[in-house]
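The lines below spell out each chain.
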Amino acid sequence: MTDVAEAAVRSDARRERGRRTRASILATAVDIASVEGLEGLTIGRLATELGMSKSGLFAHFGSKEELQLATIDAASAIFDELVIEPAGDEAAGLPRLRAYIERFLDHVQEGVFPGGCFFVSAMGELDTHPGPVRDGAMAFSQRWLTLLAEQVAAAQAAGELDPGADAPQIAFELNAYMVLGNMQFVAASDPAALDRVRRAVDARLGALAVQPLLGAHGSDRKRRS
(Lines give C-alpha, C1' and ligand atoms only; values in the text may rest on other atoms or scores of the structure.)
Protein backbone atom coordinates (compact mmCIF):
# COMPACT_ATOMS: atom_id res chain seq x y z
CA MET A 1 0.00 0.00 0.00
CA THR A 2 1.38 3.44 -0.88
CA ASP A 3 1.89 6.19 1.67
CA VAL A 4 -0.99 8.11 0.11
CA ALA A 5 -3.30 5.13 0.37
CA GLU A 6 -2.28 4.49 3.98
CA ALA A 7 -2.95 8.12 4.84
CA ALA A 8 -6.38 7.89 3.22
CA VAL A 9 -7.20 4.77 5.23
CA ARG A 10 -6.13 6.48 8.47
CA SER A 11 -8.19 9.53 7.59
CA ASP A 12 -11.26 7.40 6.89
CA ALA A 13 -10.78 5.57 10.18
CA ARG A 14 -10.57 8.87 12.07
CA ARG A 15 -13.74 10.13 10.42
CA GLU A 16 -15.56 6.91 11.28
CA ARG A 17 -14.43 7.13 14.91
CA GLY A 18 -15.56 10.73 14.99
CA ARG A 19 -18.94 9.78 13.54
CA ARG A 20 -19.44 7.03 16.13
CA THR A 21 -18.37 9.32 18.96
CA ARG A 22 -20.75 12.05 17.81
CA ALA A 23 -23.62 9.54 17.54
CA SER A 24 -22.90 8.28 21.07
CA ILE A 25 -22.80 11.83 22.42
CA LEU A 26 -26.13 12.67 20.79
CA ALA A 27 -27.79 9.50 22.10
CA THR A 28 -26.96 10.66 25.62
CA ALA A 29 -27.94 14.24 24.81
CA VAL A 30 -31.38 13.13 23.61
CA ASP A 31 -31.98 11.20 26.83
CA ILE A 32 -30.91 14.13 29.02
CA ALA A 33 -32.97 16.66 27.07
CA SER A 34 -36.12 14.53 27.14
CA VAL A 35 -36.00 14.58 30.95
CA GLU A 36 -34.27 17.85 31.86
CA GLY A 37 -35.13 19.96 28.83
CA LEU A 38 -33.04 21.38 26.04
CA GLU A 39 -32.15 24.42 28.13
CA GLY A 40 -30.61 22.11 30.69
CA LEU A 41 -28.50 20.47 28.00
CA THR A 42 -25.17 22.26 28.32
CA ILE A 43 -21.69 21.30 27.19
CA GLY A 44 -20.67 21.04 30.83
CA ARG A 45 -23.66 18.89 31.83
CA LEU A 46 -23.08 16.54 28.92
CA ALA A 47 -19.32 16.35 29.54
CA THR A 48 -19.97 15.31 33.13
CA GLU A 49 -22.47 12.65 32.08
CA LEU A 50 -20.12 11.20 29.46
CA GLY A 51 -16.90 11.55 31.43
CA MET A 52 -15.44 13.68 28.65
CA SER A 53 -13.64 17.00 28.69
CA LYS A 54 -15.48 20.14 27.60
CA SER A 55 -12.83 20.69 24.96
CA GLY A 56 -13.53 17.20 23.58
CA LEU A 57 -17.20 18.06 23.24
CA PHE A 58 -16.44 21.43 21.68
CA ALA A 59 -14.59 19.54 18.95
CA HIS A 60 -18.00 18.12 17.94
CA PHE A 61 -20.30 21.02 18.89
CA GLY A 62 -19.01 24.55 18.92
CA SER A 63 -21.79 26.01 21.06
CA LYS A 64 -24.75 25.12 23.24
CA GLU A 65 -27.14 26.08 20.45
CA GLU A 66 -25.35 23.85 17.96
CA LEU A 67 -25.59 20.99 20.44
CA GLN A 68 -29.31 21.65 20.99
CA LEU A 69 -30.05 21.72 17.26
CA ALA A 70 -28.07 18.52 16.68
CA THR A 71 -30.00 16.89 19.53
CA ILE A 72 -33.31 17.84 17.91
CA ASP A 73 -32.09 16.34 14.63
CA ALA A 74 -31.05 13.13 16.43
CA ALA A 75 -34.41 12.84 18.18
CA SER A 76 -36.18 13.44 14.88
CA ALA A 77 -34.21 10.62 13.25
CA ILE A 78 -35.17 8.24 16.07
CA PHE A 79 -38.84 9.20 15.80
CA ASP A 80 -38.73 8.78 12.04
CA GLU A 81 -37.16 5.33 12.35
CA LEU A 82 -39.53 4.00 15.00
CA VAL A 83 -42.81 5.75 14.24
CA ILE A 84 -43.08 7.46 10.87
CA GLU A 85 -41.21 5.11 8.55
CA PRO A 86 -42.81 1.82 9.73
CA ALA A 87 -46.28 3.37 9.60
CA GLY A 88 -45.56 4.41 6.02
CA ASP A 89 -45.70 0.74 5.03
CA GLU A 90 -49.45 0.75 5.71
CA ALA A 91 -52.02 1.69 3.09
CA ALA A 92 -52.78 5.40 2.87
CA GLY A 93 -55.84 6.57 4.78
CA LEU A 94 -57.14 5.01 7.97
CA PRO A 95 -54.60 2.15 8.15
CA ARG A 96 -51.63 4.54 8.02
CA LEU A 97 -53.29 7.08 10.29
CA ARG A 98 -53.93 4.43 12.93
CA ALA A 99 -50.38 3.10 12.50
CA TYR A 100 -48.95 6.58 13.15
CA ILE A 101 -50.98 6.82 16.35
CA GLU A 102 -50.27 3.29 17.56
CA ARG A 103 -46.53 3.56 16.94
CA PHE A 104 -46.49 6.91 18.72
CA LEU A 105 -48.11 5.29 21.75
CA ASP A 106 -45.74 2.33 21.53
CA HIS A 107 -42.65 4.54 21.56
CA VAL A 108 -43.98 6.32 24.65
CA GLN A 109 -44.80 3.11 26.50
CA GLU A 110 -41.47 1.51 25.59
CA GLY A 111 -39.53 4.47 26.98
CA VAL A 112 -37.63 5.22 23.80
CA PHE A 113 -37.07 8.67 25.30
CA PRO A 114 -36.85 8.55 29.12
CA GLY A 115 -38.97 11.68 29.46
CA GLY A 116 -41.73 10.54 27.11
CA CYS A 117 -42.12 11.90 23.60
CA PHE A 118 -39.10 14.15 23.03
CA PHE A 119 -41.07 16.68 21.00
CA VAL A 120 -43.96 16.99 23.44
CA SER A 121 -41.39 17.85 26.10
CA ALA A 122 -39.53 20.25 23.80
CA MET A 123 -42.63 22.14 22.73
CA GLY A 124 -43.81 22.51 26.32
CA GLU A 125 -40.42 23.89 27.31
CA LEU A 126 -39.67 26.16 24.36
CA ASP A 127 -43.06 27.64 23.50
CA THR A 128 -42.11 31.04 24.99
CA HIS A 129 -38.43 30.95 23.99
CA PRO A 130 -38.09 32.20 20.40
CA GLY A 131 -35.04 31.31 18.37
CA PRO A 132 -33.54 28.62 16.16
CA VAL A 133 -33.93 25.86 18.76
CA ARG A 134 -37.65 26.48 19.20
CA ASP A 135 -38.01 26.80 15.44
CA GLY A 136 -36.39 23.38 15.00
CA ALA A 137 -38.75 21.73 17.48
CA MET A 138 -41.76 23.51 15.98
CA ALA A 139 -40.81 22.42 12.47
CA PHE A 140 -40.89 18.79 13.55
CA SER A 141 -44.20 19.25 15.38
CA GLN A 142 -45.74 20.83 12.29
CA ARG A 143 -44.43 18.01 10.09
CA TRP A 144 -46.09 15.48 12.39
CA LEU A 145 -49.41 17.32 12.27
CA THR A 146 -49.15 17.53 8.49
CA LEU A 147 -48.59 13.77 8.22
CA LEU A 148 -51.69 13.11 10.34
CA ALA A 149 -53.78 15.57 8.33
CA GLU A 150 -52.63 14.02 5.04
CA GLN A 151 -53.89 10.61 6.16
CA VAL A 152 -57.20 12.05 7.35
CA ALA A 153 -57.55 13.61 3.89
CA ALA A 154 -56.60 10.31 2.23
CA ALA A 155 -59.28 8.53 4.28
CA GLN A 156 -61.79 11.14 3.17
CA ALA A 157 -60.80 10.68 -0.46
CA ALA A 158 -61.18 6.91 -0.06
CA GLY A 159 -64.73 7.33 1.26
CA GLU A 160 -63.79 6.20 4.76
CA LEU A 161 -64.33 9.48 6.62
CA ASP A 162 -66.76 12.39 6.27
CA PRO A 163 -65.45 14.47 3.33
CA GLY A 164 -66.83 17.64 4.89
CA ALA A 165 -64.65 17.43 7.98
CA ASP A 166 -61.67 19.76 8.38
CA ALA A 167 -58.65 17.42 8.07
CA PRO A 168 -56.13 19.68 9.87
CA GLN A 169 -58.62 20.15 12.71
CA ILE A 170 -59.09 16.39 13.06
CA ALA A 171 -55.31 15.92 13.04
CA PHE A 172 -55.01 18.56 15.77
CA GLU A 173 -57.57 16.76 17.92
CA LEU A 174 -55.97 13.34 17.47
CA ASN A 175 -52.57 14.79 18.34
CA ALA A 176 -54.05 16.45 21.43
CA TYR A 177 -55.17 13.02 22.66
CA MET A 178 -51.63 11.71 22.14
CA VAL A 179 -50.02 14.68 23.89
CA LEU A 180 -52.21 14.33 26.98
CA GLY A 181 -51.80 10.56 27.05
CA ASN A 182 -48.03 11.00 26.87
CA MET A 183 -48.03 13.49 29.73
CA GLN A 184 -50.18 11.32 31.97
CA PHE A 185 -48.19 8.19 31.21
CA VAL A 186 -44.88 9.91 31.99
CA ALA A 187 -46.27 11.32 35.24
CA ALA A 188 -47.84 8.10 36.51
CA SER A 189 -46.33 5.25 34.43
CA ASP A 190 -49.89 4.04 33.98
CA PRO A 191 -50.63 2.32 30.62
CA ALA A 192 -54.31 3.15 31.15
CA ALA A 193 -53.52 6.68 29.98
CA LEU A 194 -52.46 5.32 26.59
CA ASP A 195 -55.52 3.06 26.42
CA ARG A 196 -57.66 6.16 26.92
CA VAL A 197 -55.97 7.68 23.89
CA ARG A 198 -56.88 4.61 21.85
CA ARG A 199 -60.50 4.78 22.95
CA ALA A 200 -60.68 8.50 22.23
CA VAL A 201 -59.24 7.96 18.76
CA ASP A 202 -61.73 5.17 18.06
CA ALA A 203 -64.62 7.38 19.15
CA ARG A 204 -63.48 10.41 17.13
CA LEU A 205 -62.84 8.45 13.94
CA GLY A 206 -66.02 6.46 14.47
CA ALA A 207 -67.98 9.71 14.66
CA LEU A 208 -66.56 10.67 11.26
CA ALA A 209 -67.04 7.31 9.57
CA VAL A 210 -69.10 7.27 6.38
CA GLN A 211 -69.84 3.57 6.96
CA PRO A 212 -69.87 1.63 10.24
CA LEU A 213 -66.24 1.60 11.31
CA LEU A 214 -64.61 -1.24 13.20
CA GLY A 215 -62.49 0.42 15.86
CA ALA A 216 -58.86 -0.59 15.98
CA HIS A 217 -59.50 -1.98 19.44
CA GLY A 218 -62.58 -4.04 18.83
CA SER A 219 -65.79 -2.02 18.85
CA ASP A 220 -68.10 -0.99 15.99
CA ARG A 221 -68.52 2.75 15.72
CA LYS A 222 -70.99 4.61 13.51
CA ARG A 223 -70.85 8.13 12.30
CA ARG A 224 -72.94 10.47 14.35
CA SER A 225 -75.32 12.80 12.58
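A brief look at the structure comes next. Computed from a predicted structure; not experimentally measured.

## Quick look at the overall build of the protein
- From N to C terminus, the protein includes nine helices and two strands.
- A separation of at least 24 residues holds for 60% of the contacts in the protein among residues at least 6 apart in sequence.
- Taken as a whole, the protein presents about 11,400 Å² of accessible surface, with 53% of it coming from carbon and sulfur.

## Comments concerning the packing of helix α5 (residues 94–109) against helix α7 (residues 132–157)
- In contact at an axis separation of 7 Å, α5 and α7 are set at 150° when each is read in the N-to-C sense. Together, Leu-94, Arg-96, Leu-97, Tyr-100 and Phe-104 of α5 and Trp-144, Leu-147, Leu-148, Gln-151, Val-152 and Ala-155 of α7 make up the contact between the two elements.
- Of the residues belonging to the contact of α5 with α7, the class tally is nine nonpolar, one polar and one charged.

## Notes on helix α4 (residues 64–87)
- The end-to-end C-alpha distance of α4 is 34 Å, a good match for the 34 Å that 24 residues give at a rise of 1.5 Å each.
- Along α4, the helix axis deviates most sharply at Asp-80, where the bend reaches about 45°.

## Considerations on the packing of aromatic side chains
- Considering all chains together, one arrives at nine aromatic pairs under this definition.
- On the numbers, 5.1 Å between centres and 85° between planes, the contact of Phe-79 with Phe-140 is edge-to-face. With Phe-79 in helix α4 and Phe-140 in helix α7, the pair connects residues that are 61 residues apart, well separated along the chain. For the pair Phe-79 and Phe-140, one class covers both residues: buried.
- Consider the rings of Phe-119 and Phe-140, whose centres lie 3.7 Å apart with planes at 15°: the pair is stacked. You can see Phe-119 sitting in helix α6 (residues 118–126) and its partner Phe-140 sitting in helix α7, a full 21 residues away along the chain. Across this residue pair, the class does not change: Phe-119 and Phe-140 are buried.
- Taken together, the aromatic side chains of Phe-79, Tyr-100, Phe-104, Phe-113, Phe-118, Phe-119, Phe-140 and Trp-144 make up a single cluster linked through ring pairs.

Criteria and cut-off values
- Residues numbered from 1 in each chain as written.
- Predicted model: local features only at pLDDT ≥ 70, side-chain atom pairs only at ≥ 80, totals over all residues.
- Heavy atoms only, no water.
- Helix = DSSP H or I, 4+ residues; strand = E, 2+ residues; numbered from the N terminus.
- Contact = heavy atoms within 4.5 Å.
- Areas by Shrake-Rupley, 256 points an atom, 1.4 Å probe, with all protein chains shown as cover.
- Axes fitted to C-alpha atoms, helices over the stretch in contact; angles between N-to-C directions.
- Nonpolar A, V, L, I, M, F, W, Y, C, P; charged D, E, K, R; others polar.
- Expected span 1.5 Å × (residues − 1).
- Bend = angle between axes of the 7 residues up to and from the residue.
- Phe/Tyr/Trp six-rings, centres within 6.5 Å; stacked < 30°, edge-to-face > 60°.
- Buried < 20%, exposed > 50% of the residue type's maximum accessible area, 1.4 Å probe, protein only.

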